[in-house]
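Reading the structure
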Amino acid sequence: MTDLLKTSLNRRTVLQAATVGAVGVSPALRALVHAQGSDAPEKKEVKIGFIPLTDCASVVMASVLGFDKKYGVTIIPTKEASWAGVRDKLVNGELDFAHVLYGLVYGVHLGTAGPKKDMAVLMSLNNNGQAITLSKALADKGAVDGPSLAKLMAKEKREYTFAGTFPTGTHAMWMHYWLAAAGINPLSGAKLITVPPPQMVANMRVGNMDGFCVGEPWNHRAIMDGIGITANTTQDIWKDHPEKVLGTSADFVKKNPNTTRAVMMAVLEASQWIDASLSNKMKMAETVAGKAYVNTSVDAINQRILGRYQNGLGKTWDDPNHMKFFNDGAVNFPYLSDGMWFLTQHKRWGLLKDHPDYLGVAKQINQIDLYKSVASAMKINVPKDVMRSSKLLDGVVWDGKEPAKYADSFKIKA
């Protein structure tokens, strides 16, 4: 399979890849699998699970706009109630793929998030665009960011409750990291609970939590409903951070290589389409706001995907680091260092007892060769390095080097 994935494309094939034949499978897909003797996807119809969040958009639009048919498959987007449900259905094969939390895939692979199964990250679906919301009640007492929250918690002693969406997932890790950067120990100084994304606003309304981290549109919805404020965006925590991925099981990739490539191409083309223009973003917002998908008003979605932010306290700003789905291919490359970062945080917070083989695990899960072959066929830019370097909000640089040392370096940890 590895040799197949590395099959080089001659100049004529690359030129063909930009167009689709009048009949059947796209030449880009055909070129990739010619060596196998058949370019037809093994499975013609695939179920892709998603949670009602703005960042499910590339999966939804791949289906709605017919990019899936172009590559010889039919995507059935399947709305799920919780990340635990997505996990279980990926593990038992009820779902073929999912719009899924990066850290959930890693948790399943290592058995730290329930059942253990070899998993695959095919590509990143989006960067940025999540946020940390604090209740209006806290904001009224002056807690509007990390430092002012820490001050209030030190002064008014009680149990403070914050929510993420899944124990090993991105939102839980952003919330842990943000609290710790403000000097609050998320394990001993606060209570952290798990709430599915669409239920966040309702739970805050009845006073079940003081704050939460979730994807859009639920942070903006809390502002619209007058019950919460945006304390920080996740791009404030880590600019261009990894967020959702297109995930599946390692078995599925092995058994259905053509199908996997076809789905990746359809979702990549949808990602390109979303980021191509403001009008496309607005059409996307109208589509995913519908009952079948996110089930909210269009105005809860369309502002923040254009980078127009308000914090619920009168401040408005244009954020250049809003949610991105393509960004000339920079979004979608499954950097090994991105996956490794989640492992360092799982170790930091005691979800992993021992240091894993950080690089080895990332190489098993992130399908770098497969992604490169698909991107190359579609003439999408691929970075030269499988690692990237970023400075997070506490000033600490993460570059994928010395992950064990990095994980152990934090003052606040399990």
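Preceding block: the structure.
Residues numbered from 1 in each chain as written. Predicted model: local features only at pLDDT ≥ 70, side-chain atom pairs only at ≥ 80, totals over all residues. Heavy atoms only, no water.

Turning to the overall build of the protein, a few remarks are in order. A count of helical and extended segments in the protein gives 21 helices and 14 strands. By the compact-globule yardstick of 22 Å for 414 residues, the protein fits well, its C-alpha radius of gyration being 21 Å. Its C-alpha atoms put the protein at 70 × 45 × 35 Å along the principal axes. Taking all 414 residues of the protein together, the buried fraction comes to 59%. (Helix = DSSP H or I, 4+ residues; strand = E, 2+ residues; numbered from the N terminus. Rg over C-alpha atoms; globule rule 2.2 N^0.38 Å. Buried < 20%, exposed > 50% of the residue type's maximum accessible area, 1.4 Å probe, protein only.)

Pairing is mixed across the open sheet formed by five strands, whose spatial order is S2-S1-S3-S10-S4. Of all strands in the sheet, those with a lone pairing partner are strand S2 (74–79) and strand S4 (119–124), marking the two edges. The mean angle between the axes of side-by-side strands here comes to 30°, regardless of whether they run parallel or antiparallel. Where strand S1 (residues 45–50) meets strand S3 (residues 97–101), two bridges bridge the pair, whose relative direction is parallel. Across the sheet, Ile48 pairs through a bridge with Phe97, a residue of S3. (Pairing = 2+ DSSP bridges. Axes fitted to C-alpha atoms, helices over the stretch in contact; angles between N-to-C directions.)

This brings us to the nonpolar core. Counting 126 residues, the largest nonpolar core has Leu149, Leu246 and Trp341 as the members making the most contacts within it. Per-element tally for this core: the top contributor is helix H15 (residues 257–276), with 10 residues. (Core = buried A, V, L, I, M, F, W, Y, C linked by side-chain atoms within 4.5 Å.)

Here the focus is the environment of Asn203. Mapped onto the fold, Asn203 is located in helix H11 (residues 200–205). When the C-alpha positions of Asn203 and Ile274 are compared, they lie 31 Å apart, and in sequence the two are 71 residues distant. Beyond its immediate stretch of four places on either side in the chain, Asn203 contacts Val195, Asn208 and Met209. Polar side-chain contacts of Asn203 include one of 2.8 Å to the backbone oxygen of Gln199. (Contact = heavy atoms within 4.5 Å. Polar contact = N/O pair within 3.5 Å; in protein donor to acceptor, adjacent residues only side chain to side chain.)

Look at helix H10 (residues 170–181): 16 Å from first C-alpha to last across 12 residues, which is about the 16 Å you get at 1.5 Å a residue. For H10, the tally of buried residues reaches 11 of 12 residues, placing the bulk of the element in the interior. Just downstream of H10, Gly183 is the residue with a positive phi angle, here 90°. (Expected span 1.5 Å × (residues − 1).)

Of all the positions in helix H19 (residues 358–365), only Tyr358, Gly360, Val361, Ala362 and Ile365 are classed as buried. On its buried face, H19 sits against helix H7 (102–110), S4, helix H18 (336–348) and helix H21 (403–408).

What follows covers the pairing of strand S9 (residues 228–233). Burial runs high along S9: six of the six residues are buried. Here strand S5 (residues 130–135) runs beside S9; their pairing, made up of five bridges, is antiparallel. In the sheet register, Ala131 faces S9, and the bridge partner there is Thr233.

Once that is clear, we can look at the sheet that holds strand S7 (residues 191–194). The five strands are arranged S7-S6-S8-S5-S9 in an open sheet whose pairing can be described as mixed. Each edge of the open sheet is held by one strand with a lone partner, namely S7 and S9. In this sheet, adjacent strand axes meet at a mean angle of 30° when their direction is disregarded. Two strands pair when backbone bridges link them, and strand S6 (residues 161–164) and S7 are joined in this way by four bridges, in the parallel orientation. By the bridge assignment for S7, Gly164 is matched with Thr194. Relative to the sheet, H10 contacts S5, S6, S7, strand S8 (211–215) and S9, its axis offset from that of S8 by approximately 135°.

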